[in-house]
Amino acid sequence: MTAHIYFIGAGPGDPDLLTLKAQKIIAAAEVVIYAGSLVNPAILAHARPDAEIHNSAGLNLTAQIEIMRTAAAQGKTVARLHTGDPTLYGATLEQMRELSRLDIPYSVVPGVSSAFAATAALKTELTAPGQTQTIIFTRVAGRTPVPDTERLRDLAAHRTSIVLFLSAGMVAKVVDELLAAGYPPHTPIAVVYRASWDDELVLRGTLETIAAQTESAEITHQALIIVSPVLEKNTAAADSHLYGAAFAPIARTDRPAIVALTRRGTETGLRLHRAFGDSTLYAPARFLPADPPADTEGYTLSVRQVLHRAFRRHSAMVCIMASGIVVRELAPVLRSKHTDPAVVVMDEQGRNAISLLSGHKGGANLLAQRIAQLLGGRAILTTASDGQRLPALDLLGERYGWQLEAGGDMTAVIAAMVNGEPVGVFQDGGDETWLADLPPHATRHPTGEALIAARPNAAIIVSPRILPADLRRTIARVIVYRPPVLAVGVGCNRGTPAEEIISAVTETLAQAELSPLSIVTLATIEDKADEIGLLEACRRENWRLQIFTRADIAAVKNLPNPSPWAMKALGVPGVAEPAALLAAKADTLLVEKRKFANVTVAVAQYMPGR
Ligand code: SAH
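No experiment lies behind these values; they were computed from the predicted model shown.

(A) Spotlight on the pairing of strand S10 (residues 223–227). Counting buried residues in S10 gives five out of five residues, a clear majority hidden from the surface. In S10, alternate side chains face the same way, and those of Ala223, Ile225 and Val227 on one face and Leu224 and Ile226 on the other are all buried. The sheet contact formed by strand S8 (residues 188–193) and S10 spans five bridges and is antiparallel. Note that in S10 the partner of Val191 across the bridge is Ile225.

Below you can see the structure in the form of structure tokens.
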């Protein structure tokens, strides 16, 4: 293909609602730009493995155009993915204007709008003979103003089907406008949240109830409001759907509840309570120690009462007891996977953590996995599509030989992962197989800068590089792993003390913004194999020392800084640079030779698989 930008309708969310044409273009494009959380990341799986992928959420217009311009200049194809159909509230016009100005060819591929996915969820038709033959797509004014001639109260005078985009956070305003247009308060209206996604939620109500329903369900975005005469017919279904007349708002705490029943279960509960750090433990008062830890409630009630209390109060609960008890006692209070808390059951010893209820949406799968990690047990998941195999974040270091940098926030990052919050990942060194286990709410970014720009709630960094200071200012919760990927070539004069070698190495790395925790080896020439200071430095810092023969060193070609001195003294064109390259099995240096009084240092990044 040649340089071309495709504005592609990626559909409302369900990856199967992508058009074949869109899929083909995505599969061929060298560059893919997608609209953050609105486009299902599963669609990115169609992209080539080597495609350059950008999340437009962190990019302004200029940055996006720059990506397109660079790609076009290299004759590349860009797939720019928009949610739903790109021609509806797509913000494509401004991009097209810039591309026309730059003379870059582009075209538009239509998609399934969320308007149609939402109507499908309502199982109705927007045009019904005898009721209405017209649809109005509109929105209420937010940051983007709506022309005066298109006020909702005026449009509503026609009594057509109306689909409101970008207005879910302003339901009360929509209702006011419709009442002002003379709609009776019992007019049916629907809010459809994340149409066609796994966690799709349909709220049906009337002008009187819908604002409270939307607020209680905490829906502020990614939802459409639909008002139409065709909804009249469905009101009987409406009452049985999700929220009936006795709609009770739910306010739960995010702190998980741990409910124990037996003495051994209480011991396991105390262990988990300590490991969580943010839970409330409910245990029979007689099994608790005289001086129980904070946030512990000893109970004397029946287990049913305690389970029901925890169910109402918490958004997640871990029940340390037989699953039969939990199933029987909770059955009468279950309402919906969209609103019920996550429920995990666990045996007394903490060996099996079973995700019982609200596995996906409620996060019970992730919670079970987190518990398994914390207690060294097993997580048991039974949901069909299990895209939530959580990587064991705190075990990565041990598994791949990475060093965890101090000052990180492991518990908080695991919690963000477990709670399904946006997590950003940046990795530019070390084994990448763990990335396959990332859940959809974790996004890998091509650079540290892109990670910062995306502003996720938490970040995981695997890199030898020291990242910019604004990282921790922008992202509250961060862990940094240092993979063993740096080979440091060292040359030194006879009798150079260990301190001098250590400080030359650390200074070189600091200046190149590299972490010493990523050093895998020091490397030098055979003539220095018995150099006391060098051996001592490696012993103190726990560095491996690799020795290369003069012949090996002499064979390294194309050194950036050959040394006449080394040639004269040792018959080789240099020591630090070729030793670093040989140890790293690399062709280029990360840091060219730096000369200190008695020491020379060069650094290369280890290339796995060579
Ligand atoms: N071009 C898109 C609309 C983009 S504007 C389309 O054709 O669907 C973004 C708005 O679209 C959101 O505020 C929300 O109102 C709506 N939206 C996008 N995806 C949605 C979905 N899956 N379910 C409900 N509404 C959605």
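Now that the structure is up, let's keep going.
(B) Expanded view of the domain arrangement of the chain. For the chain, the domain assignment lists domain 1 (4–112), domain 2 (115–231), domain 3 (252–382), domain 4 (393–481) and domain 5 (486–605). In this complex, domain 3 contributes six residues to the contact, which on the side of domain 4 involves nine residues. For the pair domain 3 and domain 4, the summed buried surface comes to about 570 Å²; carbon and sulfur atoms form 61% of the total. The largest share of the area that domain 3 buries against domain 4 comes from Leu366, Arg370 and Gln373, three residues that together contribute 81% of it. If you look at where domain 3 meets domain 4, you find zero salt bridges. The interface formed by domain 3 and domain 4 contains zero residue pairs in polar contact (both at pLDDT 80 or more). Elements with a minimum of two residues in the side of domain 3 that touches domain 4: helix H9 (263–276) and helix H12 (364–375). No other element matches the four residues that H12 contributes to the side of domain 3 that touches domain 4. Split by residue class, the side of domain 3 that touches domain 4 holds four nonpolar, one polar and one charged.

(C) View of the environment of Glu267. By secondary structure assignment, the location of Glu267 is in helix H9. Each C-alpha atom, one on Glu267 and one on Gln349, is 8.7 Å from the other, the two residues being 82 residues apart in sequence.

(D) Looking closely at the site of the ligand. Around the ligand, the surrounding shell holds 17 residues, and the nearest of these are Asp85, Leu88, Ser114, Ala195 and Ala223. Within the backbone of Pro12, a nitrogen or oxygen atom sits 2.9 Å from a nitrogen atom of the ligand. Across the shell around the ligand, the residue classes break down as ten nonpolar, five polar and two charged. Each of domain 1 (4–112) and domain 2 (115–231) gives at least three residues to the shell around the ligand.

(E) Main features of the confidence of the model for the chain. Taken as a whole, the chain shows an average pLDDT of 90; of its residues, 95% reach a score of 70 or greater. Here residues 234–249 is a poorly scored stretch, pLDDT under 50, and it has 25 contacts once near neighbours within four places are set aside; other chains count.

(F) Highlighting the packing of aromatic side chains. Enumeration over the complete set of coordinates arrives at seven aromatic pairs. Among the aromatic residues, those joined into a ring-pair cluster are Tyr89, Phe116, Phe137 and Phe165. For the cation-ring pair, Arg159 lies above Tyr183, with the distance from its terminal atom to the ring centre recorded as 4.4 Å. Across the ring face of Trp197, the terminal group of Arg194 is positioned such that the distance to the ring centre comes to 3.9 Å.

(G) Representation of the pattern of salt bridges in the model. For the structure on display, the rule yields 24 salt bridges. Put simply, Asp154 and Arg151 hold a salt bridge, and the shortest N to O gap is 3.1 Å. You can call Arg151 partly exposed: its relative accessible area is 40%. Between Arg540 and Glu536 there is a salt bridge, with its nearest N and O atoms 3.0 Å apart. Pair noted here: Arg540 and Glu536 are both in helix H18 (residues 532–541), with a separation of four residues, about one helical turn. The partly exposed category is assigned to Glu536, whose relative accessible area is 24%. Here the salt bridges share partners, and the residues they tie into one network are Glu499, Glu536, Arg539 and Arg540.

(H) Structural context of the sheet that holds strand S18 (residues 403–404). Spatial ordering of the open sheet is given by S18-S22-S21-S19-S20, a layout of five strands whose pairing is mixed. The sheet is open, and its two edges are formed by S18 and strand S20 (442–444), each paired on a single side. Both strand S19 (residues 423–427) and strand S21 (residues 458–462) contribute to a ladder of five bridges, which runs parallel. Across the sheet, Gln427 pairs through a bridge with Val462, a residue of S21.

(I) Examining the environment of Thr447 more closely. With respect to the helices, strands and loops of the structure, Thr447 is situated in the loop between S20 and helix H15 (448–454). The exposure class assigned to Thr447 is partly exposed, which follows from its relative accessible area of 32%. Separated by 19 residues in the primary sequence, Thr447 and Asp428 have C-alpha atoms spaced 8.3 Å apart. A distance of 2.9 Å separates a polar side-chain atom of Thr447 from the backbone nitrogen of Ala450.

What counts as what
- Residues numbered from 1 in each chain as written.
- Predicted model: local features only at pLDDT ≥ 70, side-chain atom pairs only at ≥ 80, totals over all residues.
- Heavy atoms only, no water.
- Buried < 20%, exposed > 50% of the residue type's maximum accessible area, 1.4 Å probe, protein only.
- Helix = DSSP H or I, 4+ residues; strand = E, 2+ residues; numbered from the N terminus.
- Pairing = 2+ DSSP bridges.
- Domains from an automatic or database assignment.
- Contact = heavy atoms within 4.5 Å.
- Buried area = accessible area lost by both parts, 1.4 Å probe.
- Salt bridge = Lys/Arg side-chain N within 4 Å of Asp/Glu carboxyl O.
- Polar contact = N/O pair within 3.5 Å; in protein donor to acceptor, adjacent residues only side chain to side chain.
- Nonpolar A, V, L, I, M, F, W, Y, C, P; charged D, E, K, R; others polar.
- Near = heavy atom within 4 Å.
- pLDDT = per-residue confidence, 0-100.
- Phe/Tyr/Trp six-rings, centres within 6.5 Å; stacked < 30°, edge-to-face > 60°.
- Lys NZ or Arg CZ within 6 Å of the ring centre and 35° of its normal.

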